[in-house]
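# Fold and contact review
Residues per chain, in single letters:
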Amino acid sequence: MSSWKDRLSQGLSKSRERLGGQLNTLMGRVVEIDDDFYEQLEETLISADFGMEPTLEIVAKLREQIAARGVPDMEGVKALLIEIIAGEFETAGDPFQFSPVTVLMVGINGTGKTTSTGKLAKQAVDAGKSVILGSADTFRAAAAEQLDIWAERAGVDIVRRDRGTDPASVSYATVEAAEAMGADLCLIDTAGRLHTSPDLMRELEKVQRVTREKSQAPTFTVLVIDATTGQNGLVQAREFNALLSVDALILTKLDGTAKGGIAVAIARELKVPIVRIGVGESIDDLRPFDPTEFAEALIG
């Protein structure tokens, strides 16, 4: 079986081919590190969805560090760039390190939220933890069925109710069941909400409030974002965070985008940690996020 580093590298190949390819071309023709080099580097990072503000700051730090350290060659520049990009990410605050803990999974439809919930449950069980799932997506029948399959695969209990039930009541019942059984991890999947629908977002706010009030364990809200949505993912993150004060991020489908820099843009915008990234369909393709590993796989 290939190592996670290999899978991460493979998963980020689209981004690396684009970003790394452009960087190699740029660095290969540079005679001296001058203003023109920095300008072209800015263009390269912006094209990979790093965003304007993060790009300007990254390049400013690079310029400063190259001058301070007297970096002799392009390999040194690349290593320094990896170090600076890795430093852009928050590293503290992974909800899944706590036990017991209640985690509310939120995001729009199609981000891989339910699949990520299932994978996290299976991984926690494999690590020897007791887990209970809550299906608070009472609108989409397929979501509950999908979570049922994961519950069966992980060998865990699931709390679900009839379609159309108030999702906050499902969340309440899940926390109640988790406390009764002494679960290490109470993981609640919510319905995909469009950040542009105020009514649905207010309902999600109610789910969060009820969950926090009921749970005696630390309670975290984790936003799942599909990396392929690029800058639109940043807009989603902004809206969800404004309403819910998101605690952590999961970034999925990084293998489907050539613009992996969006991870930097979103993490900086929300100032919360990316705790898991997904680079494929298998259960082993959702893993804890390591900023240095990510930056190395992104830059090459």
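In short, a report on the structure.

### Quick look at the side chain of Thr114
Positionally, Thr114 belongs in helix H6 (residues 113–126). Looking at Thr114, the relative accessible area reads 4%, which means it is buried. A polar side-chain atom of Thr114 sits 2.7 Å from a polar atom in the side chain of Asp189. Ignoring sequence-local partners within four residues, the contact set of Thr114 consists of Arg140, Ala143, Gln146, Leu147, Trp150 and Asp189.

### Here we look at the packing of aromatic side chains
On inspection of all chains with the given rule, the structure shows five aromatic pairs. With centroids separated by 5.3 Å and ring planes inclined at 65 degrees, the aromatic side chains of Phe37 and Tyr38 adopt a geometry described as edge-to-face. Tyr38 sits in the buried class, given a relative accessible area of 5%. Considering the side-chain rings of Phe89 and Phe289, the 4.8 Å spacing of their centres and the 70 degrees angle between planes classify their relative orientation as edge-to-face.

### So, the environment of Leu249
Its location among the elements puts Leu249 in strand S6 (residues 248–252). Between the alpha carbons of Leu249 and Val272 there is a distance of 7.2 Å; along the sequence they are 23 residues apart. Other than its neighbours up to four places away in sequence, Leu249 contacts Val222, Leu223, Ile225, Ile266, Ala267, Leu270, Val272, Pro273, Ile274, Val275 and Arg276.

### Topic: the environment of Leu251
Following the sequence through the fold, Leu251 ends up in strand S6. Separated by 192 residues in sequence, Leu251 and Val59 place their C-alpha atoms 24 Å apart. In this structure Leu251 touches Ile225, Ala227, Ala263, Ile266, Ile274, Arg276, Ile277 and Gly278, once residues within four positions along its chain are discounted.

### Quick word on helix H2 (residues 13–28)
Owing to its 3.6 residues per turn, the α-helix brings residues three or four apart onto one side. When H2 is considered as a whole, its buried residues turn out to be Ser13, Ser15, Leu19, Gly20, Leu23, Leu26 and Met27. Taken together, the buried residues of H2 touch helix H1 (4–11), helix H3 (35–47), helix H5 (74–86) and helix H12 (291–299).

### As for the packing of helix H4 (residues 52–69) against helix H11 (residues 262–270)
Here H4 crosses H11 at 100 degrees, and the two axes come no closer than 9 Å. Here H4 is positioned roughly perpendicular relative to H11, judged by the angle of their axes. In contact with Glu53, Pro54, Glu57 and Ile58 of H4, H11 contributes Val264, Ala265 and Arg268. Grouping the constituent residues of the contact of H4 with H11 by class yields four nonpolar, no polar and three charged.

### Topic: the environment of Lys206
Here Lys206 shows up in helix H9 (residues 198–214). In this structure, the C-alpha to C-alpha distance between Lys206 and Ala168, residues 38 residues apart in sequence, is 6.6 Å. Every residue in contact with Lys206, bar those within four places of it in the chain, is listed here: Asp166 and Ala168.

### As for unusual backbone geometry
The linkage connecting Ser99 with the following residue, Pro100, adopts the cis geometry, with an omega of 0 degrees. Among the structural elements, Pro100 can be located in the loop between H5 and strand S1 (101–106). For Lys253, which is not a glycine, the phi torsion comes out positive at approximately 60 degrees. Mapped onto the secondary structure, Lys253 falls in the loop between S6 and H11. On the basis of relative accessible area, Lys253 is assigned to the partly exposed category, the value being 32%. For Lys271, which is not glycine, the phi dihedral falls at a positive 55 degrees. Here Lys271 is to be found in the loop between H11 and strand S7 (274–278).

### Things to note about H12
Taken residue by residue, H12 has Pro291, Phe294, Ala295, Ala297, Leu298 and Ile299 as its buried positions. Turning to H12, the residues buried within the fold contact H1, H2, H5, H11 and S7. Capping the start of H12 is the job of one residue whose side-chain oxygen sits 3.0 Å from the backbone nitrogen of Thr292: Asp290. At the exit of H12 stands Gly300, carrying a positive phi of roughly 90 degrees.

### Observations regarding the sheet that holds strand S3 (residues 157–159)
The mixed open sheet is built from eight strands, whose spatial order is S3-S2-S4-S1-S5-S6-S7-S8. At either margin of the open sheet sits one strand with a lone partner, and together these are S3 and strand S8 (286–288). Ignoring which end each strand starts from, the neighbouring axes of this sheet average 25 degrees apart. Note that S7 and S8 share three bridges and pair antiparallel. Within the sheet, the bridge partner assigned to Arg276 lies in S8 and is Pro288. The sheet contacts of helix H7 (residues 141–154) involve strand S2 (131–136), S3 and strand S4 (185–190), and relative to S2 the element is tilted by about 170 degrees.

Each value, and the rule that gives it
Residues numbered from 1 in each chain as written. Predicted model: local features only at pLDDT ≥ 70, side-chain atom pairs only at ≥ 80, totals over all residues. Heavy atoms only, no water. Helix = DSSP H or I, 4+ residues; strand = E, 2+ residues; numbered from the N terminus. Buried < 20%, exposed > 50% of the residue type's maximum accessible area, 1.4 Å probe, protein only. Polar contact = N/O pair within 3.5 Å; in protein donor to acceptor, adjacent residues only side chain to side chain. Contact = heavy atoms within 4.5 Å. Phe/Tyr/Trp six-rings, centres within 6.5 Å; stacked < 30°, edge-to-face > 60°. Axes fitted to C-alpha atoms, helices over the stretch in contact; angles between N-to-C directions. Parallel < 35°, antiparallel > 145°, perpendicular 65-115°, else oblique. Nonpolar A, V, L, I, M, F, W, Y, C, P; charged D, E, K, R; others polar. Pairing = 2+ DSSP bridges.

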